[in-house]
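Per-entry structural report
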Amino acid sequence: MTTTAPSPFAPPPEATRTTYLNAGTGLRSWLLTTDHKRIAVLYTLAITAFFGLGGVMAFLMRLELLTPPSDLFTIDTYNRLFSAHGIVMVWFFLIPSIPTTLGNFLLPLMIGTRDLAFPRLNLLSFYIFLVGGLFTLAAVSFGGIDTGWTFYTPYSTSFSQTRVFLVVMGIFVMGFSSILTGLNFVVTTHTLRAPGMTWNRLPLFVWSLYATSLIQILATPVLTLTLVLLGMERWFGVGIFDPALGGDPILFEHLFWFYSHPAVYIMILPGLGVISELITCFSRKHIFGYNWIAGSSLAIAAFGFLVWGHHMFVSGQSVYAGLVFSVLSFVVAIPSAIKVFNWIATLYMGRIYLRTPMLYAFAFIGLFVIGGMTGLIVASLAVDVHVHDTYFVVAHFHYIMVGGMLTAYLGGLHFWWPKITGKLYPEGWGIAAAILIFVGFNLTFLPQFIMGYLGMPRRYGAYAPEFQVYHVLSTAGSTVLGVAYLLPLGYLLWSLKYGPDAGPNPWNATGLEWTTPSPPPPDNFDEAPVVRDMPYAYHLEHRQFMDPDEAGALAAKKASRSED
Amino acid sequence: MNTLRFFPQGASAEAGHVDVLFLALVAVSLAFIGAVFGGIVYFAVKYRHTNLGAERKHIFEDRWQLEVGLIGALLVLSLGAFTWAGVLYIDIETPPTGPTLDVQGVAKQWVWTFEHATGAREINALHVPVGQRVRLVLTSEDVIHSFYVPAFRLKQDVLPGRETNVWFEATVPGRYHLFCAEYCGTDHSAMGGWVDVMEPGDYARWLAVGATGGSDVGALGGRYDQPTPDAPAVALGPGRREAPAGAPRTEPLVAEDASAARGAALFASLNCASCHRTDSLALYPARGPALVGVYGRPVRLQNGRTVLADEPYLRESILNPRARIVQGYPPIMPSYRDVLSDDELSALVAYLQSLGG
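Residues numbered from 1 in each chain as written. Chains lettered and ligands numbered in written order. Predicted model: local features only at pLDDT ≥ 70, side-chain atom pairs only at ≥ 80, totals over all residues.

1. Examining the overall build of chain B
- The helix and strand inventory of chain B stands at six helices and 12 strands.
- Expressed as a percentage of its 357 residues, the buried residues of chain B come to 40%.
- Residue pairs in contact within chain B that sit at least 24 positions apart in sequence constitute 67% of those at least 6 positions apart. (Helix = DSSP H or I, 4+ residues; strand = E, 2+ residues; numbered from the N terminus. Buried ≥ 20, exposed ≤ 12 C-beta atoms within 10 Å, placed from the backbone. Contact = placed C-beta atoms within 7 Å.)

2. Looking at the overall build of chain A
- Within chain A one finds 17 helices and zero strands.
- The C-alpha atoms of chain A give a radius of gyration of 24 Å, which matches the 24 Å a tight globule of 564 residues would have.
- Seen along its three principal axes, the alpha-carbon backbone of chain A occupies a region of about 75 × 60 × 45 Å.
- Each of the 564 residues in chain A was classed as buried or not, and the buried ones make up 60%.
- Long-range contacts, defined as pairs at least 24 residues apart, comprise 83% of the intrachain contacts of chain A with a sequence gap of at least 6. (Rg over C-alpha atoms; globule rule 2.2 N^0.38 Å.)

3. Describing the sheet that holds strand β8 (residues 164-169) of chain B
Residues and elements named next belong to chain B.
- Spatially, β3-β2-β1-β5-β8 is the arrangement adopted by the five strands of the open sheet, whose pairing is mixed. Edge positions in the sheet fall to β3 (121-123) and β8, since each of these pairs with one other strand and no more. Sheet twist, expressed as the mean angle between neighbouring strand axes with direction ignored, is 25°. (Pairing = 2+ DSSP bridges. Axes fitted to C-alpha atoms, helices over the stretch in contact; angles between N-to-C directions.)

4. Points about the interface of chain B and chain A
- Each partner contributes residues to the interface: chain B has 83 residues there, and chain A has 82 residues.
- Of all the secondary structure elements, the ones that give two or more residues to the side of chain B that touches chain A are α1 (15-46), α2 (64-93), β6 (145-149), β7 (154-158) and β9 (174-180) of chain B.
- Here the side of chain B that touches chain A takes 15 residues from α2 of chain B, the largest share from any one element.
- Grouping the amino acids of the side of chain B that touches chain A by side-chain chemistry returns 48 nonpolar, 19 polar and 16 charged. (Nonpolar A, V, L, I, M, F, W, Y, C, P; charged D, E, K, R; others polar.)

5. Some remarks on the environment of I144 of chain B
- Examined against the element boundaries, I144 of chain B turns out to sit in the loop between β5 (133-140) and β6.
- What makes I144 of chain B buried here is the crowd of 24 C-beta atoms within 10 Å.
- With 15 residues separating them along the chain, I144 of chain B and L159 of chain B place their C-alpha atoms 4.9 Å apart.
- With sequence-adjacent residues up to four places away left out, I144 of chain B is seen in contact with Y152, Y155 and P249 of chain A together with D157, V158, L159, E182 and C184 of chain B.

6. What about α1 of chain B?
- The terminal C-alpha atoms of α1 of chain B, which comprises 32 residues, lie 45 Å apart, in line with the 46 Å expected from a rise of 1.5 Å per residue.
- Among all positions of α1 of chain B, only A15, V18, L21, F22, L25, V36, I40 and F43 of chain B are buried.
- Looking at the buried residues of α1 of chain B, the elements they touch are α11 (319-347), α12 (356-379) and α13 (381-387) of chain A together with α2 of chain B. (Expected span 1.5 Å × (residues − 1).)

7. A word on the sheet that holds β6 of chain B
All names here are of chain B.
- Read from one edge to the other, the open sheet built from five strands follows the order β4-β10-β9-β6-β7, with strand pairing classed as mixed. Only two strands of the sheet have a single partner each, and these edge strands are β4 (125-129) and β7. Across this sheet, the average inter-strand angle for adjacent strands is 20°, counted without regard to direction.
- The sheet contact formed by β6 and β7 spans five bridges and is antiparallel.

8. Brief notes about unusual backbone geometry
- Residue P154 of chain A is reached from T153 of chain A by a cis peptide bond, and omega for that bond is 0°.
- The residue P154 of chain A is located in the loop between α5 (119-141) and α6 (155-159) in this model.
- With an omega dihedral of -5°, the bond running from Q109 of chain B to W110 of chain B counts as a cis peptide bond.
- When you line up the elements, W110 of chain B lands in the loop between β1 (101-108) and β2 (111-116).

9. Topic: the pairing of β2 of chain B
All names here are of chain B.
- Of all six residues in β2, five are buried, a share of seventy percent or more.
- Sheet topology note: the β1/β2 ladder contains six bridges and is antiparallel. When the sheet's bridge partners are listed, V106 is paired in β2 with T113.
- Between β2 and β3, which pair antiparallel and follow one another directly, the connecting turn spans four residues, one of which, G119, has a positive phi of 100°.

10. Concerning the nonpolar core
- In this structure, I275, I365 and A382 of chain A are the most contacted members of the largest nonpolar core, which totals 259 residues.
- Looking at which element gives the most residues to this core, the answer is helix α9 (residues 249-283) of chain A, with 19 residues.
- Apart from residues no more than four positions distant in its own chain, A382 of chain A is found in contact with V18, L21, A85, L88, Y89 and I92 of chain B. (Core = buried A, V, L, I, M, F, W, Y, C linked by C-beta atoms within 7 Å.)

11. As for the confidence of the model for chain B
All names here are of chain B.
- Within chain B, residue pLDDT values average 81, and 82% of them lie at 70 or more.
- Segment residues 211-255: pLDDT under 50, and 106 contacts once partners within four positions in sequence are set aside and those in other chains are kept.
- Note on residues 280-284: pLDDT is under 50 here. Beyond four places in sequence and across chains, it has three contacts.
- With a pTM of 0.86, the predicted complex shows an ipTM of 0.92. (pLDDT = per-residue confidence, 0-100.)

12. So, the pairing of β9 of chain B
All names here are of chain B.
- Among the seven residues that make up β9, six are buried, leaving the element largely enclosed by the rest of the structure.
- In terms of strand pairing, β9 meets strand β10 (residues 192-198) through six bridges, oriented antiparallel. Paired with H177 across the two strands is W194, which belongs to β10.

Written as structure tokens, this is what we have:
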């Protein structure tokens, strides 16, 4: 390191300021870093690569589905494509996405501390994640896996002749990364909050990360054990799930969904937290119902553990179990509805800026509500008997996972991009991409609701010709969506070199992360922050406009117009 | 069949009830979605930052009355929807009180086999009379499958090692898709066929003919539309099996190669290639022995003996596959007795002969 340490008395001029980006150079300083911000950057690179991979697979599937017969690929290849798409997207993009990137970067900054509670554990989590990912990539490259991401037994244990071992190992390993990250976040939130950062001043994004981490700690071990049992049966013939060996295949479904339904909330809760931050900032208004939004995150985390059986209404589980899981599934939707209500109430009497992150927030709310309402349709027992395992369900969960989670991730990425990189992205491109993503997404997935109710089963590489028109629409939409996703990749990278400097707080936002320079120094804050305000104090005079001079300019313009 | 549809046909007693519930849920959903989109757009325009004239007051306090009221209203609505859907579900899942027509169904990779009370068997097709309650007793011989007839709004997973019952009453004669809805391996998307709902008289006639050896086209689910013998069965979509119900049978064929061509069409339509692979490039070993060049060659059996794959042996292997099993393959093939007519059996053997030997 050649730069001198910053003196607390005379901060060096901007050009030579030490940031987390220039505090060490060379590959080693990145690969062995314990700085949560650098680890967040490493994660961002990794999950972007996994997202690209999963996205290409999705697009190849959409191409195959342009025509009814299985003609572009063999049916075995198609089965490998949808399996790998699901596995890569769920475990190597959606679950780590917001917590390990934005969460890793922002949690210490938002609560006013220098790093996570266990910085080296954080780095370990990253490498565990990477090893898990490489196992999975190896499986995809050498033969693939054809069980779907759900690994239903006895197909996965006694019948599939594909790389089940590598993939199960990959997910088994990755699970530990998820557990350790959750643990790190919970301990950090409990022990490292700055003076004055009381629980009721905690940013809502931190609340959502906290709730997410609890699920990660409590649910992931169940997945780990389930995968061990799966392995015992597949490699040692221990009869657990396969009736031919004396096992019960429904047991696997229960164990799998006991993790995988809460995992849905691992994926979406951080997104809900991001949206709370965006809505209040771009409405220049205190968030409406802070306590209710924070509490609803915890309620979702708790109730999320009690609804797994709604994946099994036609599996042969008892009718009474089906009734209980159905009613609880209706209940778990209420905290989400509370959030949506409070976001819209925040807009009321706000001062709304339609900047890129706000467009993503609006898109999120709309798509999340569509995904949520169709979730209730799927939770309705008699209807689920018809739509279960059809494209209706496929469309429903993509509205939550892609329309919801990914939109929130992009919104958050744009919002904190100036903080992370110190650069501003081009606003025009940002708005264009956000609109294109919204249009492309709906064109891709709205037709899937219709063909789902018509009876198009999922995981079909060849299908009856009457469904073709909807598949063609969907593939057209996915093409638009694919192009739209490339845009942010382009202009965000462009902004790294050519974007104007952002300054510490380009949005004039509240929150401790905006009180430190962009990009932040290695230790986050030049002096230890103390919190004296309520959160989201956008009512204060100097916070009411994004640009403090704007009020005067607008008033003058209005006055001159009325004179004309 | 290729007309654009927005809504599926309904052909069971429950279908109409499920549709009404579904449309009601869609209407409520659209109301909520409309309110949210409308609210966002209205506020975004009215309170845009350039509109200095809009009335603004800062509201901090939690309006708990609003939140609690909302929770209460949503709970009431939710419980209403839950109850409606739950009652209908119990109705679908409860055994009917009156007499039922019982049909046994067996799923295996990637074939549905149904056996009627008279002993009539059919593969990838199910014939039922209109207006009569049918009880299906389903089981699987290997992995989890799912019996799905969209027109009946009915789906039930079929598990290995367990018998699962479903009930339905078809209300409209016609031919409807049968799909496998639970992913079950390679040919999951081709594991389907047709449910033929017939007038009771037609059904009785079909049963009489089908039970004596199946000289009616319906016994094979009408899958006679495969004129090209070399179409790989792996690429079959369910829709490619369409043929007009009750299509006229072709005249008995005399010439050897014509018989082989018919055998090839049968081979494709019965999906034999899903186990007896005809492509040599398959990544993984097939589930059944390869049949190219088998005719007239000696075959090694499970018990160590050797048998000549001549016409009697091949006929036996189709009608009673477990009699003499080829070494290295599990005894998993279903019997095609009562499914194939004598004619069709000869055609299949002629096709196997044409594959070389």
